[in-house]
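# A look at the structure
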Amino acid sequence: MRIFEDISFTDEQLQPIVNWCQSNIEFSPVVTKFNKNNQWTAVSVRGYAGTIEQIGKGGVLGTLDDFMKLQNTPLYDELDMDKILDKIPAEKERVRLMKLEAGTIIAKHTDKVDKDIKSGKIVRLHIPIITHDIVMMTSWLPSGIAEFHMAKGECWGLDVSLPHKVVNKSHIDRVHL
């Protein structure tokens, strides 16, 4: 895990996303065995189907066909995402708002969806939009176990091919971009 100290966002920059998240409860369940109670949900800002409900990656876990093209959803323009994403000097693949309900734990796991993470072609970034000081991430790194909190507006790069877990013991739903 790594914090990108030169990439961060103010409350004012994130407020339109916060407002949207607080007024929209129709997020789609994340397809994984670690989400049996559908407490981990998402909407697509940029994805393979052009709709906010289709959060999957083409040809993975039976969510979409392989031939779907990467495209912005209507939410991209609605939230004026260029103002956020242009600060990240890289090509963008899937961009989602990921919600973890209050009181939820995502158990220790690895992400196998993005095969290019190991090679470094894809980096998984997290930008906390709505969070609480007691929401904690744990990563099992080659150098040891790291437990940390990602603060609102920070930009974190995570190697999700390594084991990790998330614990939201707070009273609010956590949302990351």
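Here is a short report on the structure shown in this document. Counting starts from 1 at the beginning of each chain's written sequence and moves along it residue by residue. Local features in this predicted model are restricted to residues of pLDDT 70 or higher, and side-chain atom pairs are both shown and tallied only at a pLDDT of 80 or more, whereas totals for entire chains, interfaces and linings draw on every residue. Water and hydrogen atoms were dropped before computing side-chain values, which therefore reflect all heavy atoms in the structure.

### Thoughts on the sheet that holds strand 9 (residues 135–141)
Pairing between strands is defined by DSSP: at least two bridges between them are needed. Starting at the N terminus, helices and strands are each numbered in turn, a helix being any DSSP run of H or I of at least four residues and a strand any DSSP run of E of at least two. Read from one edge of the open sheet, 4 strands run 6-12-9-10, paired in antiparallel fashion. The open sheet terminates on both sides in strands that have one partner only, identified here as strand 6 (104–109) and strand 10 (144–148). Averaged over neighbouring strand pairs, the angle between their axes works out to 15° when direction is ignored. Here strand 6 runs beside strand 12 (residues 164–168); their pairing, made up of 4 bridges, is antiparallel. From the neighbouring strand, Ile105 faces strand 12, where its bridge partner is Val167. Note on geometry: axes are C-alpha line fits, over the in-contact stretch for helices, and angles between N-to-C directions span 0 to 180 degrees.

### Considering the packing of aromatic side chains
Pairing of aromatic side chains here covers Phe, Tyr and the six-membered ring of Trp, requires ring centres within 6.5 Å, and sorts the geometry by plane angle: under 30 degrees stacked, over 60 edge-to-face, intermediate tilted. Per the stated rule, a full pass over the model turns up 2 aromatic pairs. The interplanar angle of 50° and the centroid separation of 5.8 Å between the aromatic rings of Trp20 and Phe27 together place this pair among those described as tilted. With 5.0 Å between their ring centres and 20° between their planes, Phe148 and Trp156 make a pair best called stacked. Trp156 shares its class with Phe148; the two are buried. It is Lys87 that lies over the ring of Phe9; its NZ or CZ is 4.8 Å from the centre. Whether a charge lies above a ring is judged from NZ of Lys or CZ of Arg, which has to be within 6 Å of the ring centre and within 35 degrees of the ring normal. Positioned above the aromatic ring of Phe27, the side-chain terminus of Lys99 is 4.1 Å from the ring centre. Exposed residues in this analysis have more than 50% of their type's maximum accessible area, buried residues have under 20%, and partly exposed residues fall in between, with area computed by a 1.4 Å probe over protein chains only.

### Comments concerning the sheet that holds strand 7 (residues 124–126)
Here we have 3 strands laid out as an open sheet, ordered 1-11-7, and antiparallel in their pairing. The open sheet has two free edges, formed respectively by strand 1 (2–8) and strand 7, since each of these has just one partner strand. Pairwise comparison of adjacent strand axes, ignoring direction, gives a mean angle of 30° for this sheet. Strand direction decides the pairing type here: strand 1 and strand 11 (residues 154–158), joined by 3 bridges, are antiparallel. What sits directly across from Ile3, in strand 11, is Trp156.

### Focus on unusual backbone geometry
Unlike most non-glycine residues, Asp80 shows phi in positive territory, near 50°. On the basis of relative accessible area, Asp80 is assigned to the partly exposed category, the value being 35%.

### Digging into the nonpolar core
For our purposes a nonpolar core is just a set of buried Ala, Val, Leu, Ile, Met, Phe, Trp, Tyr and Cys residues, chained together by side-chain atoms within 4.5 Å. Among the nonpolar cores identified, the biggest contains 26 residues, and Ile17, Met81, Leu97, Ile129 and Leu177 are the most heavily contacted of them. Those elements giving two or more residues to this core turn out to be strand 1, helix 1 (11–23), strand 3 (40–47), helix 2 (74–78), helix 3 (82–85), strand 5 (95–100) and strand 8 (128–130). Element by element, the count of residues in this core is highest for helix 1, at 5 residues. Residues count as neighbours in contact if any of their non-hydrogen atoms are within 4.5 Å of one another. Not counting residues within four places of it along the chain, the set of residues in contact with Ile129 comprises Leu14, Ile17, Val18, Leu97, Lys152, Val175, His176 and Leu177. Of all hydrophobic cores here, the second largest spans 16 residues; its members include Ala42, Val135, Met137 and Met150.

### Re the pattern of salt bridges
What counts as a salt bridge is simple: a side-chain nitrogen of Lys or Arg found within 4 Å of a carboxyl oxygen of Asp or Glu. For the structure shown, the criterion picks out 2 salt bridges. The partner of Lys152 in a salt bridge is Asp11, with the nearest N and O atoms 3.4 Å apart. One end of the pair, Lys152, is in the loop between strand 10 and strand 11; the other, Asp11, is in helix 1, with 141 residues separating them in the sequence. A residue is classified by how much of its surface remains accessible, and Lys152, at 32% relative accessible area, is partly exposed. The closest approach of N and O atoms between Asp80 and Lys83, which form a salt bridge, is 3.3 Å. For Lys83, a relative accessible area of 60% corresponds to the exposed category.

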